[in-house]
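# Coordinate inspection notes
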Amino acid sequence: MARTKQTAQNHQGQGPKERPRGAVALKKIRQYQKGSQLLLRKLPFGRLVKEISKRIRANMRWQASAIEALQEACEAMLVTEFELTNLAAIHARRVTIQLRDMKFIQQIRLIMTGSKIPGGRAG
């Protein structure tokens, strides 16, 4: 019985902790940025790279290390893009990202760098 009273006393006036909107998503993004494991599977990504490269030039060969480096760069870019998109959604007081958030980030990038694509150069 004393245990019940003690538990009731500890939880008086305390509800569940409220987090700011999108905090969980931002935490997940930071976790992915810190980690070195790949998010996409290697084989499907490799097939996609080879399929796209066939359209450009037939009989193109790829080293495994080249595909892995390309995959790491693509995933880093995607994580950054989603982080910025998520921040735009949070700024609009929403939790769910929408297409207009991605377009908004593209517009800002176009104004700041002169390119719509991440890492693109003005030209």
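Details of the structure are given in the entry above.
Right, let's walk through the structure included here.

What follows concerns the pattern of salt bridges. Applying the stated criterion to the full structure yields three salt bridges. Of the charged contacts in the structure, one is a salt bridge between Arg55 and Glu51, with a shortest N-O distance of 3.2 Å. Of this pair, Arg55 and Glu51 both sit in helix H3 (residues 42–56), four residues apart, roughly one helical turn. With relative accessibility at 68%, the residue Arg55 sits in the exposed group. Among the ionic pairs, Asp101 bridges to Arg94, the shortest N-O distance being 2.8 Å. For Arg94, a relative accessible area of 17% puts it in the buried group.

So, about the side chain of Gln71. Position of Gln71 among the secondary structure elements: in helix H4 (residues 64–91). Among the polar contacts made by the side chain of Gln71, one reaches the main-chain carbonyl oxygen of Leu40 at a distance of 2.8 Å. When sequence neighbours within four positions are dropped, the list of residues in contact with Gln71 reads Leu38, Leu40, Arg41, Lys42 and Phe45.

Rolled over the atoms, a probe sized like a water molecule indicates the empty space that remains. Empty space within the largest pocket amounts to approximately 200 Å³. The wall of the largest pocket is formed by Lys42, Leu43, Gly46, Arg47, Lys50, Trp62, Gln63, Ala64, Ile67, Glu68 and Gln71. For the lining of the largest pocket, the secondary structure elements donating two or more residues are H3 and H4. Among the elements that make up the lining of the largest pocket, the one with the highest residue count is H3 (five residues). One number sums up the size of the second largest pocket: a volume of about 150 Å³. Taken together, Tyr32, Gln33, Gly35, Ser36, Gln37, Leu38, Leu39, Glu72, Glu75, Ala76 and Val79 make up the lining of the second largest pocket. Those elements giving two or more residues to the lining of the second largest pocket turn out to be helix H2 (23–34) and H4. With four residues, H4 is the largest single contributor of residues to the lining of the second largest pocket. Grouping the amino acids of the lining of the second largest pocket by side-chain chemistry returns five nonpolar, four polar and two charged.

About the criteria used
Residues numbered from 1 in each chain as written. Predicted model: local features only at pLDDT ≥ 70, side-chain atom pairs only at ≥ 80, totals over all residues. Heavy atoms only, no water. Salt bridge = Lys/Arg side-chain N within 4 Å of Asp/Glu carboxyl O. Helix = DSSP H or I, 4+ residues; strand = E, 2+ residues; numbered from the N terminus. Buried < 20%, exposed > 50% of the residue type's maximum accessible area, 1.4 Å probe, protein only. Polar contact = N/O pair within 3.5 Å; in protein donor to acceptor, adjacent residues only side chain to side chain. Contact = heavy atoms within 4.5 Å. 1 Å grid on protein atoms, 1.4 Å probe; cavity = no way out; pocket = protein on both sides within 12 Å on 5 of 7 lines; lining within 4 Å. Points joined across faces, edges and corners; volume = space filled by probe spheres on them. Nonpolar A, V, L, I, M, F, W, Y, C, P; charged D, E, K, R; others polar.

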